[in-house]
Amino acid sequence: MVTPVTYKSLWIQILLISIIGYGGGAAVIPLFHKVFVEEKKWFNEEDFQNILTVSNTLPGPIQTKIAGYIGYKTKGLIGLILSVITIISPSLLLMLLFFETIKSFQYEPWVNGAISGIYPVITVMMGLLVFQFAVRSIKKIQWKSLIVILLIDLFALYLLQIHPAWLIIITIVTSFLYRFKESFRFSIILTFILIIYVIQTYVSINFMSFNMTNIDSLSESLKLIFAFIIPGSIGYGGGPGSLSLISYEVVEHFNLVSTSDFGLAVAIQSALPGVTATKLAGTIGFQVFGIAGLLLSILAYVLPSLTLMIILLNLLNKYKNHPVVNLMTSLLTPIIMLLLFNLVLNFYALSIFNQGYFIALLFMISAFLVIKVLKVHPFFVIILFMTLGGIISL
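Residues numbered from 1 in each chain as written. Predicted model: local features only at pLDDT ≥ 70, side-chain atom pairs only at ≥ 80, totals over all residues. Heavy atoms only, no water.

### As for the overall build of the protein
The following threshold applies: Going along the chain from the N terminus, every DSSP run of H or I of four or more residues is numbered as a helix, and every run of E of two or more is numbered as a strand. Whether a residue is buried, partly exposed or exposed follows from its accessible area with a 1.4 Å probe, protein chains only, as a fraction of its type maximum: under 20%, in between, or over 50%, in that order. Values of accessible area rely on a 1.4 Å probe in the Shrake-Rupley scheme; residue burial ignores everything except the protein chains shown.
Along the protein, the regular secondary structure elements total 15 helices and zero strands. The proportion of buried residues among the 394 residues of the protein is 55%. Carbon together with sulfur atoms contributes 70% to the accessible area of the protein, which is approximately 17,700 Å² in total.

### Structural notes on the side chain of Thr64
Mapping Thr64 onto the fold places it in helix H4 (residues 62-104). Judged by relative accessible area, Thr64 falls into the buried class, the value being 0%.

### Some remarks on helix H6 (residues 143-159)
Side chains that are three or four residues apart share a direction in an α-helix, a result of its 3.6 residues per turn. Short version of the rule: Every helix has an expected span of 1.5 Å times one less than the residues it contains.
Taking 1.5 Å of rise per residue, 17 residues should cover 24 Å, and H6 covers 23 Å from first to last C-alpha, within 8% of that figure. Looking one or two residues past H6, Gln161 carries a phi angle of roughly 60 degrees, positive in sign.

### Some remarks on unusual backbone geometry
For Asn255, which is not glycine, the phi torsion reads 50 degrees and is therefore positive. In this fold, Asn255 is placed in the loop between helix H11 (238-253) and helix H12 (259-270). Taking relative accessible area as the criterion, Asn255 reaches 47% and is therefore assigned partly exposed. Phi angles above zero are rare outside glycine, and Lys375 is one such case at about 60 degrees.

### Here we look at the nonpolar core
Using the following cut-off: Think of a nonpolar core as a cluster: buried Ala, Val, Leu, Ile, Met, Phe, Trp, Tyr and Cys residues, connected wherever their side-chain atoms sit within 4.5 Å. We call two residues in contact when some of their heavy atoms are within 4.5 Å.
Phe32, Phe36, Met126, Phe228, Val250 and Phe262 are the most contacted members of the largest nonpolar core, which totals 110 residues. Here this core gets 21 residues from one element, more than from any other, and that element is helix H14 (residues 323-373). Non-local contacts of Phe36, meaning those with residues more than four positions away in its chain, are made with Leu10, Gln13, Ile14, Ile17, Lys41, Trp42, Phe43 and Ile70.

### Brief notes about the pattern of salt bridges
Note the following rule: Just to be clear on terms, a salt bridge is a Lys or Arg side-chain nitrogen sitting within 4 Å of an Asp or Glu carboxyl oxygen.
Tallied over the full model, the rule gives one salt bridge. Lys34 is paired through a salt bridge with Glu38; the nearest N and O atoms lie 3.4 Å apart. Placement of the pair is Lys34 and Glu38 together in helix H2 (residues 24-39), with a separation of four residues, close to one helical turn. Of the residues examined, Lys34 reaches a relative accessible area of 41% and is grouped as partly exposed.

### A closer look at the layout of surface pockets
The condition is simple: Using protein atoms alone on a 1 Å grid, points that fit a 1.4 Å probe yet trap it form a cavity, whereas open point sets bounded by protein on both sides within 12 Å along at least five of seven lines form a pocket; residues with an atom within 4 Å of a point count as lining. Grid points are joined across faces, edges and corners, and a volume is the space filled by probe spheres set on the points. Only Asp, Glu, Lys and Arg are considered charged, only Ala, Val, Leu, Ile, Met, Phe, Trp, Tyr, Cys and Pro nonpolar, and every remaining residue, Gly among them, polar.
A volume near 450 Å³ is recorded for the second largest pocket. If you go around the second largest pocket, you meet 20 residues; those closest to its centre are Val84, Ile85, Ile88, Ile298 and Leu299. At the level of elements, H4 and helix H13 (276-317) are the ones that each hand at least two residues to the lining of the second largest pocket. The residue makeup of the lining of the second largest pocket, split by class, is 18 nonpolar, two polar and no charged.

### Digging into a nonpolar patch on the surface
What counts, and what does not: Only residues whose relative accessible area exceeds 30% and that form no salt bridge are eligible for patches; like-charged ones are grouped when within 9 Å, while nonpolar side chains (Val, Leu, Ile, Met, Phe, Trp, Tyr) are grouped when within 5 Å.
On the surface, a cluster of nonpolar side chains totalling about 580 Å² of accessible area is made up of Ile138, Trp143, Ile147, Leu151, Leu154 and Tyr158. Considering every element that reaches the nonpolar patch, the biggest residue donor is H6, with five residues. Its place among the elements puts Trp143 in helix H6. Assessed through its relative accessible area of 52%, Trp143 is described here as exposed.

### Notes on the packing of aromatic side chains
Rules: Put simply, two rings from Phe, Tyr or Trp (the six-membered ring, in Trp's case) pair if the centres are within 6.5 Å, and we call them stacked under 30 degrees between planes, edge-to-face over 60, tilted for the rest. The rule is short: NZ of Lys or CZ of Arg within 6 Å of the ring centre and within 35 degrees of the ring normal puts a charge over the ring.
Applying the stated criterion across every chain yields a total of three aromatic pairs. Geometrically, the ring pair formed by Phe32 and Phe36 is stacked, given 6.2 Å between the ring centres and 20 degrees between the ring planes. Taken as a pair, Phe32 and Phe36 lie in helix H2 at a separation of four residues, close to a single helical turn. Considering the side-chain rings of Phe363 and Phe385, the 5.3 Å spacing of their centres and the 70 degrees angle between planes classify their relative orientation as edge-to-face. Linking Phe363 in helix H14 with Phe385 in helix H15 (residues 378-393), this pair joins segments that are 22 residues apart in sequence. Judged by relative accessible area, which is 5%, Phe363 ranks as buried. For Phe385, a relative accessible area of 2% translates into the label buried. Here the aromatic residues Phe32, Phe36 and Trp42 are joined through ring pairs into a cluster of three or more. The ring of Tyr7 has Lys75 sitting right over it, with the charged end atom 4.6 Å from the ring centre.

### Quick notes on the side chain of Thr123
Tracing the backbone shows Thr123 in helix H5 (residues 109-140). Taking relative accessible area as the criterion, Thr123 reaches 6% and is therefore assigned buried. Setting aside residues no more than four positions away along its own chain, Thr123 makes contact with Val344, Phe347, Tyr348, Ser351 and Met364.

### A look at the environment of Leu350
Topologically, Leu350 is positioned in helix H14. Once residues within four sequence positions are removed from consideration, Leu350 is found in contact with Tyr119, Thr259 and Ser260.

### A short note on the environment of Thr64
Distance from Thr64 to Ile88, taken between C-alpha atoms, is 7.6 Å for residues 24 residues apart in sequence. Setting aside its immediate chain neighbours within four residues, Thr64 contacts Val84, Ile87, Ile88, Val275, Thr278, Val302 and Leu306.

### Some words on the confidence of the model for the protein
For clarity, the threshold we go by: As a per-residue measure, pLDDT tells how confident the predictor is, with possible values from 0 to 100.
Overall, the predicted model of the protein reaches an average pLDDT of 76, with 75% of residues at or above 70. By mean pLDDT, the top-scoring element of the protein is helix H1 (residues 7-20) (86), and the lowest-scoring one is helix H9 (residues 212-217) (46).

The structure is reproduced here in structure tokens:
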């Protein structure tokens, strides 16, 4: 029996998923299915498959896209707004509370030690993500091909200094051109998507290509918008895949936050449920420009992919296994691997700087064993190493 859709029931179900949704977007997909297909019966299996197909085809946070589309499909624009706010708010409020509490005591020696204890854990967690991306790539393409692609991406990113956003756009276009003849109809649709991406990315990167004097002259609000609109537009790979892009924009390009503050934010969000990258966007936006910054960052990050999802859901569903999509995903994964690996190196250097080689390496090895061998949840691992770091600093 189908349960009637009301704003209250929609809010309650999304809220529950937000509170208990540990593990990122992919981990909460079964929760969405259980609630909205099996229990509420607001969607059938085919509907849910369509939602998953498009949410995985488009960039951006999968958890927010699914919640937003469910709200839109059941209760229109108000339902979309209600669902997106509800899926984001609980974990974001908790994160802001923890972040502000820790920052207010940051000059206490034991607090510095506790924060330093987080960095080796983040280094290990990021390293494991790089490994997972590598395994995923090898399953799709041969390891020799992966090495060649990695070398090309490495050359483009670090020697030619091509912006990651442009490299991703180039990769998508390459996939499109290589498979163009296999489906003219799909090519027309993909061309439309690419035009939107290129215009959006071009406008954003034009601001990023200014010299540092011009960048500094931008208002904080504009910096936030342009720093988050690109990760939201081309951030394939879910929250982990977007972390590297967000770090690139907010730390290196716009200098909105320091590496240490970004690392602290990454650590805290890992211990909380909810949408990984959206929590980061809200927290960084709040640090830079208060409540207005929080709202601007989240809107810039969420709106591009969510809008595309609503427009193109029915169109792209039939092309989920199209060779262009498969090739595009295979070529994009190595780029995300390199960006994540660069993030690993940054946190590794930060760990060594704060704790010294011996303590930092000891923490990293211990964190790896606790996470990978003992299978302890990241929340407890971070609490453990924060405590150890604080004790050692006394």
